[in-house]
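Below are the chains, spelled out letter by letter.
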Amino acid sequence: MESKEGGLFSHDPAIYYDEKSKYYYTYSTDLGPKFRDGIGGQIRRSKDLVHFDFVGRAVQEIPEEVRELTHVRNIWAPDIIKVGEEYRLYYSASTFGSQHSVIGLAVADNPEGPFEHRGIVVHTTPDSPVNAIDANPVREEETGEYYLVYGSFWGGIRLLHLDAKTGLPDEEGYGKVLACRARKSCDTAIEGPYVHYNKETGYYYLFVSYDSLTNVYNVRVGRSRKLEGPYVDHNGRHMDDMTYPANHVGLKITTGYSLKKGSGFLALGHNSVLETENGWFLVCHARYESDPRLPTLNVRRMVFDEEGWPSVSPCLYAGEGEEIVPEAELCGSYQRIDFVLDVKRLCEQPIPMELNADGSLKVADLTGTWSYNERTGWIEIVIGGAIEKLRALRATHREEGGATIAFTGRNDAGIGVWAVKHTKQPREKIAVRRFA
């Protein structure tokens, strides 16, 4: 089920689960028509990750010292971490295309605030080597120490050590570079960092968004055994290596797509990650193909393959479990999305895929074979000289209505693949609110 009104106008969402209240919270940039100057940071909450209710805004007034440095009228991209009994909200104050930026810290004794200003964490100007936006507070697993991952255009993504008692930096400068992109090929277009540790794989995963947030935005991933890096992708390429083509570094795990004309999503990016008893989830914003001015909240299941790399469901989460799909249910007709590294269109278009009971399959005009491991839920497809490994998931078909099966994964070259099985439900028109 799509969050619609509950997630409409969410941008740059950070997900957080509060053990005390048992609510899932999102903190996001407010792009709604009712947005008012001097406040910002939408707070929403949910019990099920499907239905989200608006709670309020995290910042009721821009602190004077922040306003003097940036001249902003609102805040961007808040993210939260709990240290002891204190909730620490890190937020960005900037204007589009500017390095006159501040990351501020506000604190509260509960996740809904009110948050009180504590201080400026990072301040940048056009003379700085980085831009002070898109803050992500992280706790290091081995030491329990706290860091801030942040950054955007101009100097890439940085890691800055924080004082555990105050939440403010305890080192000089702007921190260590974790990831960056070259100006000559992509105008340094990288932002929205989010780091999360997976205890089962033993890796820290660095999620970043590439390219323009209004059209071909997409999420890339690198990983490291240590929080400070180096972060490398599935090909062993460092996330700060600018010698390769700009779109060929980082495992691409989201893409703009359409399964039915006019109903797709584009610019899936600026994500956060949540680990629960019910599995992993990627939370990001996306824009409606029918009206790209409308950002909305996307919650999608995320799985890890046998090599420890993540992939994301092509379907919005609607409460399904992560149980194994029986092989007998896999045969049938699918819409398939093949990822493109050098994006040329906002929404990738589907091609037909047919899985047959005899182990054969057809993708458009190509034929191949498939086999399924019913113990793990992963299907292996051999087609066109490539080997694909995809996870079968229970899902809900947003475009056609009804329960279905979705595949997510990649081929042996690291190119992502999504597929969604046609349902026997009558197609339903998707209602999308227009933003006048």
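Residues numbered from 1 in each chain as written. Predicted model: local features only at pLDDT ≥ 70, side-chain atom pairs only at ≥ 80, totals over all residues. Heavy atoms only, no water.

A. Structural view of the overall build of the protein. When helices and strands are tallied, the protein shows 2 helices and 28 strands. For the protein, the C-alpha radius of gyration of 21 Å lies close to 22 Å, the compact-globule estimate for 436 residues. Along the first, second and third principal axes, the C-alpha atoms of the protein reach 65 × 45 × 40 Å. Residue burial in the protein is summarised as follows: out of 436 residues, 59% are buried. Across the protein, the fraction of contacts at a sequence separation of at least 24, relative to all contacts at a separation of at least 6, is 52%. (Helix = DSSP H or I, 4+ residues; strand = E, 2+ residues; numbered from the N terminus. Rg over C-alpha atoms; globule rule 2.2 N^0.38 Å. Buried < 20%, exposed > 50% of the residue type's maximum accessible area, 1.4 Å probe, protein only. Contact = heavy atoms within 4.5 Å.)

B. How the structure looks around the sheet that holds strand β20 (residues 310–312). Strands sit in the order β17-β18-β19-β20 across an open sheet of 4 strands; the sheet is antiparallel. Each edge of the sheet is formed by a strand with only one pairing partner; in this case those strands are β17 (265–276) and β20. On average, each strand axis in the sheet is inclined to that of its neighbour by 30°, with strand direction left out of account. Note that β17 and strand β18 (residues 279–288) share 8 bridges and pair antiparallel. Pairing of E275 across the sheet is with W280, part of β18. (Pairing = 2+ DSSP bridges. Axes fitted to C-alpha atoms, helices over the stretch in contact; angles between N-to-C directions.)

C. Examining a negative patch on the surface more closely. Side chains of E61, E64, E65 and E68 sit close together on the surface and give a patch of like negative charge. Tracing the backbone shows E68 in helix α1 (residues 64–70). (Patch = residues over 30% accessible without salt bridge, like charges linked within 9 Å, V, L, I, M, F, W, Y side chains within 5 Å. Areas by Shrake-Rupley, 256 points an atom, 1.4 Å probe, with all protein chains shown as cover. Salt bridge = Lys/Arg side-chain N within 4 Å of Asp/Glu carboxyl O. Lys, Arg positive; Asp, Glu negative; His and termini not counted. Charge placed at Lys NZ, Arg CZ, Asp CG, Glu CD.)

D. The arrangement of the side chain of N136 in detail. Considering the arrangement of structural elements, one finds N136 in strand β9 (residues 136–139). Reaching out from N136, the side chain makes a polar contact with the backbone nitrogen of V195 at a distance of 2.9 Å. Apart from residues no more than four positions distant in its own chain, N136 is found in contact with D79, Y147, L148, V149, P193, Y194 and V195. (Polar contact = N/O pair within 3.5 Å; in protein donor to acceptor, adjacent residues only side chain to side chain.)

E. Quick look at the packing of aromatic side chains. With the rule as written, the count across this model stands at 15 aromatic pairs. Plain terms: the ring middles of Y257 and W418 are 5.3 Å apart, the flat faces sit at 90° to each other, and that makes the pair edge-to-face. One end of the pair, Y257, is in the loop between β16 (251–252) and β17; the other, W418, is in strand β28 (residues 416–421), with 161 residues separating them in the sequence. Classification of Y257 as buried rests on a relative accessible area of 2%. Through pairs of rings, three or more aromatic residues link up here, namely Y203, Y205, W280, F304 and W309. Residue placement shows R225 over the ring face of Y203; its charged tip is 3.7 Å from the ring centre. (Phe/Tyr/Trp six-rings, centres within 6.5 Å; stacked < 30°, edge-to-face > 60°. Lys NZ or Arg CZ within 6 Å of the ring centre and 35° of its normal.)

F. Representation of the pattern of salt bridges. In the structure shown here, the tally under the stated rule is 20 salt bridges. One salt bridge in this structure joins E112 and R45, with 2.8 Å as the shortest N-O distance. Of this pair, E112 sits in the loop between β7 (101–108) and β8 (116–124) while R45 sits in strand β3 (residues 40–46); the two residues are 67 residues apart in sequence, bridging distant segments of the chain. Judged by its relative accessible area of 28%, E112 is partly exposed. The partly exposed category is assigned to R45, whose relative accessible area is 26%. For the salt bridge of R410 with D305, the shortest nitrogen-to-oxygen distance reads 3.0 Å.

G. Expanded view of the nonpolar core. Counting 33 residues, the largest nonpolar core has F207, I253, Y257, F265, L268 and M302 as its most contacted members. Every element with two or more residues in this core is listed here: β14 (203–210), β15 (218–224), β17, β18, β19 (291–304) and β28. In terms of residues, this core owes the most to one element, β18, which gives 5 residues. Once residues within four sequence positions are removed from consideration, F207 is found in contact with G192, P193, Y194, V219, R220, V221, I253, N271, V273, M302 and P310. Counting 19 residues, the second-largest nonpolar core is a separate cluster that includes Y16, V59, V66 and A106. (Core = buried A, V, L, I, M, F, W, Y, C linked by side-chain atoms within 4.5 Å.)

H. Structural detail: the environment of P326. Turning to its location among the elements, P326 is positioned in the loop between β20 and β21 (332–338). Overall, P326 belongs to the partly exposed group, its relative accessible area being 29%. Separated by 47 residues in the primary sequence, P326 and N373 have C-alpha atoms spaced 9.6 Å apart.

I. Broad picture of unusual backbone geometry. Of note, the amide linkage connecting G113 to P114 takes the cis form, showing an omega dihedral of 10°. In this model, A77 sits at a positive phi of 45°, which is unusual for a non-glycine residue. In this structure, A77 sits in strand β5 (residues 76–83). Note on A77: relative accessible area 3%, which makes it buried. Phi at A364 takes a positive value of approximately 55°, unusual for a residue other than glycine.

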